[in-house]
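The primary structure of each chain is shown beneath.
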Amino acid sequence: MNPLALNEPGRTILAMGNDAIVRGGLEAALGYFSTYPGTPASEIGEGYRSLKHEFPHIHAEFSVNEHVAAHGAQGASWAGIRSMVTMKHVGMNVAAEVLHFAGYTGVGAGFVVVIGSDPGATSSTSEQDDRWYSLHTHLPILEPSSIQEAKDHTSRAFELSEIYNLPVIVNAPSKLCHNIGSLRLGNLPNVFPVKGRFERNPERYINLFAGSVANHRRAMEAVKRLQGETPSLGLNRVLPGSGRTGFISSGINYLYLLEALSLLGIADAPILKIAMSYPLNPDEIASFTRHLDRVYVVEDLEGFIEFQAKRLLYDAGIRIPIIGKDVFPAHGELDVDLIAGRLSEELRTPLPKRMTRAIKLSNELTGDLPPRQGAFCTGCPHRATVYSIVKASDRNTVFAGDIGCYTLSCLPPFRAFDWVTCMNCGVGIAQGMLQKIEGENVIAYVGDSTFFHSGIPGLINAVQQNASLVLIILDNKWVAMTGHQPSPTTDIALDGTRMHPVDIKGLLKSIGVSYVRTIKPFNIKASMAAIKEAIRVGNGVRVIIAEEECALQYGRRVARTPVEYEVYYQIDEGRCQKCNECYVELGCPAIRKEETTGGWRYYIEEATCLRCGACHDLCLNSAILRTEILRTAGMESL
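Residues numbered from 1 in each chain as written. Predicted model: local features only at pLDDT ≥ 70, side-chain atom pairs only at ≥ 80, totals over all residues. Heavy atoms only, no water.

Quick word on the packing of aromatic side chains
- Across all of its chains, the model carries 14 aromatic pairs by this definition.
- Taking 5.8 Å as the distance between ring centres and 80° as the angle between the ring planes, the aromatic pair formed by F55 and F192 counts as edge-to-face. With F55 in the loop between α2 (42-50) and β3 (59-62) and F192 in the loop between β8 (180-184) and α8 (202-205), this pair connects stretches of sequence that are 137 residues apart.
- Aromatic pair W78 and Y205: ring centres 4.0 Å apart, planes at 25°, arrangement stacked. With a gap of 127 residues between them, W78 in helix α3 (residues 66-78) and Y205 in helix α8 connect regions that are remote in the sequence.
- When its relative accessible area of 16% is taken as the criterion, Y205 is described as buried.
- By way of ring pairs, the aromatic residues W132, Y278, F304 and F307 are connected into one cluster.
- The residue whose ring lies beneath R319 is Y314, and the NZ or CZ to ring-centre distance is 4.1 Å.
- Over the ring of W600 we find K593, and its NZ or CZ is 4.3 Å from the ring centre. (Phe/Tyr/Trp six-rings, centres within 6.5 Å; stacked < 30°, edge-to-face > 60°. Helix = DSSP H or I, 4+ residues; strand = E, 2+ residues; numbered from the N terminus. Buried < 20%, exposed > 50% of the residue type's maximum accessible area, 1.4 Å probe, protein only. Lys NZ or Arg CZ within 6 Å of the ring centre and 35° of its normal.)

Let's talk about the environment of E585
- Considering the arrangement of structural elements, one finds E585 in helix α21 (residues 581-585).
- With a relative accessible area of 31%, E585 lands in the partly exposed category.
- Between the C-alpha atom of E585 and that of F414, which follows or precedes it by 171 residues, the distance is 7.4 Å.
- Discounting chain neighbours no more than four positions away, the residues touching E585 are Y387, K391, P413, F414 and N580. (Contact = heavy atoms within 4.5 Å.)

Here we look at the pattern of salt bridges
- In this structure the tally under the stated criterion is 28 salt bridges.
- Notably, a salt bridge pairs E149 with K273, separated by 3.0 Å at the nearest N-O pair. Residue E149 is located in helix α6 (residues 147-164), and its partner K273 is located in strand β11 (residues 271-274); the two are separated by 124 residues in the primary sequence. The pair formed by E149 and K273 is uniform in burial state, with each residue classed as buried.
- The shortest N-O distance in the salt bridge between K360 and E364 comes to 2.7 Å. Of this pair, K360 and E364 are both found in helix α14 (residues 353-366), four residues apart, which corresponds to roughly one turn of the helix.
- Accessibility expressed as a relative area gives 51% for K360, which makes it exposed.
- Among the charged side chains, a salt-bridge network with shared partners connects R23, E27, K151 and D152. (Salt bridge = Lys/Arg side-chain N within 4 Å of Asp/Glu carboxyl O.)

Observations concerning unusual backbone geometry
- Look at the link from T39 to P40: it is a cis peptide, with omega at 15°.
- Note that P40 resides in the loop between β2 (32-35) and α2.
- Cis geometry is adopted by the peptide bond preceding P413, which originates at P412 and carries an omega value of 5°.
- Of note, P413 is situated in the loop between β15 (398-400) and α16 (425-433).
- The backbone of D394 sits at a positive phi, close to 55°, despite the residue not being glycine.

As for the sheet that holds strand β17 (residues 469-475)
- Pairing within the open sheet is parallel, and its five strands lie in the order β15-β16-β17-β21-β20. Only two strands of the sheet have a single partner each, and these edge strands are β15 and β20 (515-519). Strand-to-strand twist of the sheet, defined as the mean angle between neighbouring strand axes without regard to direction, takes the value 20°. (Pairing = 2+ DSSP bridges. Axes fitted to C-alpha atoms, helices over the stretch in contact; angles between N-to-C directions.)

Side note on the domain arrangement of the chain
- Partitioning the chain into structural domains gives domain 1 (3-232), domain 2 (236-364), domain 3 (381-557) and domain 4 (564-637).
- Summarising the inter-unit geometry, the C-alpha centres of domain 1 and domain 3 are found 33 Å apart.
- On the domain 3 side, the residues contacting the 13 residues of domain 1 number 14 residues.
- Both faces combined, the contact of domain 1 with domain 3 buries some 950 Å², and carbon together with sulfur accounts for 55% of it.
- On inspection of domain 1 and its partner domain 3, the count reaches zero salt bridges.
- Remark: the boundary between domain 1 and domain 3 carries six residue pairs in polar contact (both at pLDDT 80 or more).
- Ranked by residue count, the leading element in the side of domain 1 that touches domain 3 is α2, at three residues. (Domains from an automatic or database assignment. Buried area = accessible area lost by both parts, 1.4 Å probe. Polar contact = N/O pair within 3.5 Å; in protein donor to acceptor, adjacent residues only side chain to side chain.)

As structure tokens, then:
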């Protein structure tokens with residue numbers, strides 16, 4: 001049984017931060033869940049999907065984008081069902097319009113927004129600090145600092161949402177989302193609401209004219225009430241100390257701060273732990289700082305708590321130094337070493353000798369480590385597609401990149417990206433650029449999920465403005481980059497269940513794209529020919545759908561239901577001319593180079609090869625041989 005489904009209050013299990021958030025929703029009687037998957041928050045959606053048999057009343061979906069997901073959760077809330085929407089931090093940009101109005105209209109049942117933030121941009125193109133949105137959405141923010149708090153704060157967020165009639169944000173950084181630790185289970189409710197009922201309330205739900213102004217005022221009054229009652233909620237707490245230098249921190253940085261102070265031998269420092277970083281209560285901040293000489297604010301990114309604290313203390317007439325981003329960087333993520341190092345300099349307290357030695361050794365040794373570079377998985381159809389694009393275009397083109405697994409095209413050996421910023425920056429930027437440049441071929445990329453996320457409006461605009469570009473839709477049937485969630489084009493689930501895929505070709509025709517071709521990426525020669533032809537046409541929008549399922553998902557399904565025959569590839573040393581086309585240009589990790597008594601050779605590592613056949617199709621010397629082995633009943637996998 002999934003341990004998250006256990007109704008054993010007090011039992012302790014091992015759980016990831018994202019699992020703890022899932023459990024928090026279960027304990028709060030969640031009824032509706034929606035998300036657009038994005039690391040570091042993807043596992044929350046996977047968690048609810050894995051619990052569909054134990055909790056069939058929960059509607060859990062992977063939505064087309066964050067805007068749609070947020071609207072869906074809002075609708076369920078209005079119908080009286082507790083709802084949750086999750087996304088990664090940049091997804092907030094897509095959901096922002098919905099969530100700005102969500103504060104105005106309020107909630108029916110508890111409405112919780114979970115943001116997986118990414119300080120350090122370990123899996124993102126930016127590290128934006130979403131907390132600043134709350135200054136104009138008026139949505140309260142909880143920042144859990146541990147696995148246990150991730151669960152407890154999530155459950156509490158539903159209560160606060162209903163008490164104050166506002167959606168509540170739970171902000172969880174990647175280090176918390178993906179960390180594993182002890183989780184003490186609470187009670188699961190005995191009764192779960194299965195269906196709700198929408199009650200009309202035009203004054204709240206119709207935001208027009210004076211009604212919109214009134215709703216704005218209501219939201220601000222709700223935040224003001226929450227701000228005044230924050231001390232009674234018991235969320236923020238003070239660790240008392242006799243020192244004259246205090247510290248304010250939140251989330252996992254609070255735990256980093258405790259460890260850093262311990263390393264420095266500082267045991268008398270008063271610390272204010274912030275669990276609700278918006279709104280801050282002025283009396284709590286003033287009371288904590290009133291008898292201190294200075295305060296350090298330890299938080300990730302751009303000083304959200306520092307900004308609020310300085311304003312509140314100024315209004316309270318307290319003029320002590322509040323030090324934050326002058327010491328701790330506003331970019332990248334904090335950790336124990338960084339906090340301890342900066343405080344050592346500020347407080348003129350030496351680091352322990354063992355730590356100084358460790359830092360010295362780390363600096364010496366890390367410089368000798370070879371860089372680890374991202375790469376397509378073995379057998380990935382995107383590798384073959386990008387190879388065909390590069391060869392067909394001879395690099396005489398502008399490459400309009402986008403977000404997805406294929407973003408790895410920007411790395412060697414392809415280097416076939418000229419930009420990448422956010423979802424659907426490929427066709428979106430390209431179609432505008434083409435209105436002001438001449439004589440350039442432009443090839444834009446987009447994945448199937450990214451296309452449905454927000455690419456359709458950009459493509460419609462490109463058609464309407466008669467932009468001359470080739471768009472390659474890399475349809476691998478899954479949202480692969482974030483953990484293989486279903487895409488609108490997913491046609492077969494892992495267990496073999498038939499799904500209801502969207503017909504991309506029919507959709508393209510309906511929005512006015514007259515030139516549509518489909519290729520199979522592992523058929524290199526045909527793919528190159530199709531791309532060359534699309535470039536040669538040279539007028540209007542031309543779309544090529546590169547259709548091939550993600551190799552990992554295909555392999556997982558085959559493992560459940562073995563295929564009728566197996567295929568193997570080998571390199572014939574006698575025919576191989578060592579032209580480097582498969583090893584360097586395609587860059588397949590299953591093709592290896594080894595020294596031999598007569599020099600060196602290329603060979604295919606059987607354990608790594610996924611039998612995609614791309615190398616076989618591109619080999620100019622017919623040196624890669626294909627062998628089929630027919631399975632018989634009861635035959636063991638070779």
